[in-house]
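These are the residues of each chain, in order.
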Amino acid sequence: MRSFIKTLLLFSAAISIVWLQGCKPKGTQSAVSGDAAAKVYVAPGKYDEFYNFVSGGFSGQMSVYGIPSGRLLRVIPVFSVDPEKGYGYSEETKSMLNTSHGFVPWDDLHHIALSETDGIQDGRWVFANGNNTPRIARVDLKTFRTAEIIEIPNSGGNHSSPFITENSEYVVAGTRFSIPMDNSNGDVPINTYKSNFKGTVSFISVDKTTGNMNIAFQILMPGVNFDLARAGKGKSHGWMFFSCYNSERANTLLEQNASQKDKDFIIAVNWKKAEEYLKAGKGKKESVKYAHNTYDEKKHSATSVIETEVTVLDSKDLADMVYMIPCPKSPHGCDTDPSGEYIVASGKLAATIPVFSFTKMQQAIASKTFEGEYEGIPVLKYDAVLYGEVKKPGLGPLHTEFDDKGFAYTSFFVSSEIVKWNVKTLEVVDRVPTYYSIGHLSVPGGPTRKPWGKYVIAYNKITKDRYLPTGPELAQSAQLYSIEGDKMKLLLDFPTIGEPHYAEAIPAELIMKNSQKIYKIEENQNPFAALGDKFARVERKGNEVHVYMTSIRSHFTPDNIEGVKMGDIVYFHVTNLEQDWDMPHGFAVKGANNAELLVMPGETQTLAWKPERVGIFPFYCTDFCSALHQEMQGYIRVSPAGSNVPISFGTGKTDSTTVAAK
Amino acid sequence: MKKIFRFFPIAVLILIFSACNSSNESTTVESKETAAKSVGQEAVQDDVSQKDVVKVAVGSKDHTTLVAALKQAELVTALSNAGPFTVFAPTNDAFNKLPAGTVDGLMKDEKKEDLQNILQYHVTTSALSTDMLHDGQTLGMVNGDNVTISVKDGKITLNGTANIIASVRASNGWVHIVDAVLLPPVKK
């Protein structure tokens, strides 16, 4: 009976959405206006207007969605292995996940930074942070592949990252956890936090042409927790603003102990000044260990180098480089508006949103309007740098982005809403609920000098009843709102891989025009490539058997392989000879303890396989390639150790030179 | 027997494609730009990839008759797809060797099925380089009939009449240029 009533209620709710639009909305579903469907509909064969690069959170990957449709276009493996693509399993990609801790097959990817030129997204690279084992990755947007990963030393967890400067001079990395520095004795009591634990923020330079990253310098900071950051722009270019919490420097029960003080800090770093100190030799070279992994597109393989030195500038010794701005209650977001004048800080537990003025900050610095020092760093007077406060905006402000019309959009986790306010007047002009509990939000171009506007996308932390239930673990939830009119309008829910933290959106044309279709076979410099069927072969080197294999519709060369013995390691070096867009070939062999290979046209990838029993093992193409895909297969024979079966191989040979095992 | 099953779905696919084409022309109410004849992968904008078998033929001045016939037979879409294909591509001269009026007759709408039958007799669904063709080998063609290969002194001949005079690797298979048109066996 109860379920009948429920059904009846649901039914009438559905009717009310369709016919009773004039009525006051009761359910969350009815928050959608009538033309929402048309606004997000992208006809078959048509393209979305924006790419949305979304952090995959604890999946360790980055996902790419089309906006406004919310269609998933791709999941880019970044910090986690991906057996589907062989990422982290193939011999060529394993070293991408190397660290000073060895091979780390997983991470927690939180934030996205698209490369910029003159403060405008340029569509060349997208950067992402690894929160757990501190790393920054660079993904090449020609190929949508991870091109480089650099580990961050002197860091306990890379949360405040990889926020980017307006000409992609630097991406930054602020440690979430302060810790004893890498080259000091770390074997100390945890309750000596205040004396032994330090924080760092790192500035990682980005080569203008290649995008290659290098740790230019680190700044030694007090032992607080760094949360987020944003670069200055325009007039404030040359500065980076970091939010921090736990100025109490508690080492236990931070839930309570890190919320003692009324104010934590926004830390303003003058990185142009830091560059001067660096040039003047004020940095201290410290011996550390960190991995720097790069993927060579011509060799189709990664190299990992362990670097051993970093230059550290000490914030308490070097004047005019770092200032503290008091900020209420554990600030999370720390966002600069398109003009670069306003710095919006969002205290997670604060009742207001303070908006600081860059101009006033400069004046306060010039006039030394300090209220004191924190660990040797001058603390500016709150009122001297405050432009104003957005009063009673909502509960639990987290993060702010901007549109092209002078408005700011702040997410509120506790009250689960987006609040739109006027950057100049600080007046709240609109608010919409999110379903449920929004974290970050994204306006296309929202963190840059040139926001593209049009939409704001909410990345929610709680899903509950928004989609068909899938057991205890649910789809992750994003929501698309139109911001074209005065009022924000909910257009679409779309599920994401999880958990989505920060994201950026960029006009499609800035990326699609550069998208690569194939790897040119004549440019393939993989030392194990077979650049044509006639180069396919099998070679024994001790107990290693190297199969130089080619794949092309619809066969492998060779596809019959004999002479492998127990105790051997077989390396299948598969070169995809195709030169046709969207024609990858897969490779899988029975009993492999790692994964498959997915080899793009013109590419070479290698799978290592250690047979653990004698017999015949089939291998086949896993990516449906052609009408004879199912025929794209082969056999490898494994004989006992000490067998007299010689290495032999071929494709299309019907006259067998049979050698029976002895 | 197995081979027939293997090729049967392709033939069906081709028929389905043809069916789609014709129905689309009459029912399309989309805007003018999309109301053009329904197309498949042949319309994909791609200046980077290797050419497929159709584009290879289109790029050859000696194959204008074949290209026109492929269009009339509505085989362009299927042959632009993933394949794999081996296409025995008669030159214009080869078509000219047919009795006068044969090609013109086949290009008429009411002879479309005959034309399809002949053209599909020039296509097999696997990518065979000349190295893979052996004396005495039988190839099952897309139309369901067989072609017999003979190899003498390195020269490859089909059904004893058509010689392979050149070969071009395409993205989705091979184009072997032949100097005569292959005529399928008369159906009983």
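Figured I'd write up the structure that's included with this text. (Residues numbered from 1 in each chain as written. Chains lettered and ligands numbered in written order. Predicted model: local features only at pLDDT ≥ 70, side-chain atom pairs only at ≥ 80, totals over all residues. Heavy atoms only, no water.)

Bringing the overall build of chain A into the picture now. Each helix and strand counted, chain A has eight helices and 45 strands in total. Relative to a compact globule of 662 residues, whose C-alpha radius of gyration would be 26 Å, chain A shows 28 Å and is just as compact. For chain A, the spread of C-alpha atoms along the principal axes amounts to about 90 × 70 × 45 Å. The buried share among the 662 residues of chain A stands at 57%. (Helix = DSSP H or I, 4+ residues; strand = E, 2+ residues; numbered from the N terminus. Rg over C-alpha atoms; globule rule 2.2 N^0.38 Å. Buried < 20%, exposed > 50% of the residue type's maximum accessible area, 1.4 Å probe, protein only.)

This part is about empty space enclosed by the protein. Taken as a whole and assessed by the stated rule, the structure comprises five cavities of 30 Å³ or more. In this structure, the largest cavity spans a volume of roughly 90 Å³. For the largest cavity, the lining is made up of 16 residues, of which A:Glu116, A:Ile164, A:Ala231, A:Lys233 and A:Pro447 are closest to its centre. When residues of the lining of the largest cavity are traced back to their parent elements, those giving at least two are strand E6 (109-117) and strand E14 (225-231) of chain A. Among the elements that make up the lining of the largest cavity, the one with the highest residue count is E6(A) (three residues). Considered class by class, the residues forming the lining of the largest cavity number six nonpolar, four polar and six charged. The computed volume of the second largest cavity comes to approximately 60 Å³. For the lining of the second largest cavity, the elements supplying multiple residues, two or more each, are helix H3 (64-72), helix H6 (102-106) and helix H7 (112-120) of chain B. In the lining of the second largest cavity, the residues fall into nine nonpolar, one polar and no charged. (1 Å grid on protein atoms, 1.4 Å probe; cavity = no way out; pocket = protein on both sides within 12 Å on 5 of 7 lines; lining within 4 Å. Points joined across faces, edges and corners; volume = space filled by probe spheres on them. Nonpolar A, V, L, I, M, F, W, Y, C, P; charged D, E, K, R; others polar.)

Turning our attention to the environment of A:Ser367. On the secondary structure map, A:Ser367 appears in the loop between helix H6 (358-366) and strand E23 (370-374). One polar contact links A:Ser367 to A:Thr369, side chain to side chain, over a distance of 2.6 Å. (Polar contact = N/O pair within 3.5 Å; in protein donor to acceptor, adjacent residues only side chain to side chain.)

On to the packing of aromatic side chains, then. Residues and elements named next belong to chain A. As enumerated under the stated definition, the model contains 28 aromatic pairs over all chains in all. A cation over an aromatic ring shows up here: Lys263 above the ring of Tyr382, its NZ or CZ 4.6 Å from the ring centre. Over the face of the ring belonging to Tyr277 we find Lys273, whose NZ or CZ atom lies 5.9 Å from the ring centre. (Phe/Tyr/Trp six-rings, centres within 6.5 Å; stacked < 30°, edge-to-face > 60°. Lys NZ or Arg CZ within 6 Å of the ring centre and 35° of its normal.)

With 20 residues of chain B at the contact, the number on the chain A side is 17 residues. Roughly 1400 Å² of surface becomes buried between chain B and chain A when both sides are summed, with 59% attributable to carbon and sulfur atoms. Summed over the shared surface of chain B and chain A, the result is zero salt bridges. In this assembly, chain B and chain A are joined by six residue pairs in polar contact (both at pLDDT 80 or more). (Contact = heavy atoms within 4.5 Å. Buried area = accessible area lost by both parts, 1.4 Å probe. Salt bridge = Lys/Arg side-chain N within 4 Å of Asp/Glu carboxyl O.)

Residue and element names in this part refer to chain A. With antiparallel pairing, the four strands of this open sheet are ordered in space as E30-E31-E32-E33. Each end of this open sheet is capped by a strand with a single partner; those strands are strand E30 (438-442) and strand E33 (489-496). Taking each pair of neighbouring strands and ignoring which way they run, the sheet shows an average axis angle of 25°. Pairing of strand E31 (residues 455-460) with strand E32 (residues 476-482) involves six bridges; the strand directions are antiparallel. Bridged to Tyr455 within E32 is Ser482. (Pairing = 2+ DSSP bridges. Axes fitted to C-alpha atoms, helices over the stretch in contact; angles between N-to-C directions.)

With that settled, consider the packing of H3(B) against H7(B). Residues and elements named next belong to chain B. As a packed pair, H3 and H7 sit with axes 9 Å apart at the nearest point and diverge in direction by 125°. With respect to their mutual orientation, H3 and H7 come out oblique. Two packed elements cross with a definite hand, and for H3 against H7 that hand is left-handed. In this structure, H3 uses Leu66, Ala69, Leu70 and Gln72 to contact H7, whose residues at the interface are Lys112, Leu115 and Leu119. Counted by class, the contact of H3 with H7 contains five nonpolar, one polar and one charged residues. (Parallel < 35°, antiparallel > 145°, perpendicular 65-115°, else oblique. Left-handed = near helix turned anticlockwise from the far one by under 90°.)

All names here are of chain A. Counting through the fold element by element, Asn196 comes out in helix H3 (residues 193-196). Judged by its relative accessible area of 30%, Asn196 falls in the partly exposed class. In sequence terms Asn196 and Phe144 are 52 residues apart; their C-alpha atoms lie 41 Å from each other. Ignoring anything within four residues of it in the chain, the contact list for Asn196 reads Ile179, Pro180 and Val188. Among the polar contacts made by the side chain of Asn196, one reaches the side chain of Thr192 at a distance of 2.9 Å.

Between A:Ile67 and A:Pro68 the backbone carries a cis peptide bond, its omega angle lying at 20°. Note that A:Pro68 resides in the loop between strand E2 (62-67) and strand E3 (72-76). Of the consecutive residues A:Tyr435 and A:Tyr436, the connecting peptide bond is found in the cis state with omega at -10°. Along the polypeptide, A:Tyr436 turns up in the loop between strand E29 (428-433) and E30. A positive phi angle, close to 60°, is found at A:Asn246, a residue other than glycine. With respect to the helices and strands, A:Asn246 occurs in the loop between strand E15 (239-245) and helix H4 (254-257). In this structure, B:Glu74 takes a positive phi of about 55° despite not being glycine. Among the structural elements, B:Glu74 can be located in the loop between H3 and helix H4 (76-80). The exposure class of B:Glu74 is buried, given its relative accessible area of 15%.

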